[in-house]
Amino acid sequence: MRRPMVDLSDCILCGVCEEISPTVFHLNDAGYIEVRECVEYSEDEVAEAMKNCPADCIEWEDDS
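What you are looking at is a predicted structure, and each value in this text was computed from that prediction instead of being measured.

Here is what the cut-offs are and how they apply
- Residues numbered from 1 in each chain as written.
- Predicted model: local features only at pLDDT ≥ 70, side-chain atom pairs only at ≥ 80, totals over all residues.
- Heavy atoms only, no water.
- Helix = DSSP H or I, 4+ residues; strand = E, 2+ residues; numbered from the N terminus.
- Rg over C-alpha atoms; globule rule 2.2 N^0.38 Å.
- Buried < 20%, exposed > 50% of the residue type's maximum accessible area, 1.4 Å probe, protein only.
- Contact = heavy atoms within 4.5 Å.
- Areas by Shrake-Rupley, 256 points an atom, 1.4 Å probe, with all protein chains shown as cover.
- Lys, Arg positive; Asp, Glu negative; His and termini not counted.
- Charge placed at Lys NZ, Arg CZ, Asp CG, Glu CD.
- Salt bridge = Lys/Arg side-chain N within 4 Å of Asp/Glu carboxyl O.
- Phe/Tyr/Trp six-rings, centres within 6.5 Å; stacked < 30°, edge-to-face > 60°.
- Lys NZ or Arg CZ within 6 Å of the ring centre and 35° of its normal.

Chemist: Tell me about the overall build of the chain, residues and numbers included.
Modeler: When helices and strands are tallied, the chain shows 2 helices and 4 strands. Beginning at the N terminus, the succession of helices and strands in the chain can be written as β-α-β-β-α-β. A compact globule built from 64 residues should have a C-alpha radius of gyration of about 11 Å, and the chain, at 11 Å, falls within 12% of that. Taking the principal axes of the C-alpha coordinates as reference, the chain spans close to 25 × 25 × 20 Å. Counting over 64 residues, the chain shows a buried share of 31%. Excluding contacts between residues fewer than 6 apart, the proportion of contacts in the chain whose partners are at least 24 apart in sequence is 57%. When the accessible surface of the chain is summed, it comes to about 4300 Å², and 45% of that surface belongs to carbon and sulfur atoms. If you average the places of the 4 positive and of the 17 negative side-chain charges in the chain, the two averages end up 3 Å apart.

Chemist: Provide a residue-level description of the pattern of salt bridges, including the pertinent values.
Modeler: One pass over the full model with this rule turns up 3 salt bridges. A salt bridge links Glu43 to Arg2, with the shortest nitrogen-to-oxygen separation between them at 3.1 Å. Separated by 41 residues along the polypeptide, Glu43 in helix α2 (residues 43-52) and Arg2 in strand β1 (residues 2-6) bring together distant segments of the chain. Judged by its relative accessible area of 44%, Glu43 is partly exposed.

Chemist: Please set out the packing of aromatic side chains residue by residue, giving values where relevant.
Modeler: Per the stated rule, a full pass over the model turns up 0 aromatic pairs. Sitting over the face of the ring of Trp60, Arg2 holds its NZ or CZ atom 4.2 Å from the ring centroid.

Chemist: Outline the environment of Cys11, supporting the account with residue identities and numerical values.
Modeler: Tracing the backbone through its elements, the reader meets Cys11 in the loop between β1 and α1 (16-20). Between the C-alpha atom of Cys11 and that of Asp56, which follows or precedes it by 45 residues, the distance is 8.0 Å. Other than its neighbours up to four places away in sequence, Cys11 contacts Val6, Ile33 and Cys57.

Have a look at this one:
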């Protein structure tokens, strides 16, 4: 299964991904964007978050 990954070294914590797809992305207690554990990730929502991320720090990763 593919899952989204956020490169935290590039993330500027703008909140766009969380706003677009709160079922996938959220700001954790430590103040970083985190990918929620999901059975399946919405391709459309993640693609929209990727497209709108100003830091271009979201990508797909194969969960092997």
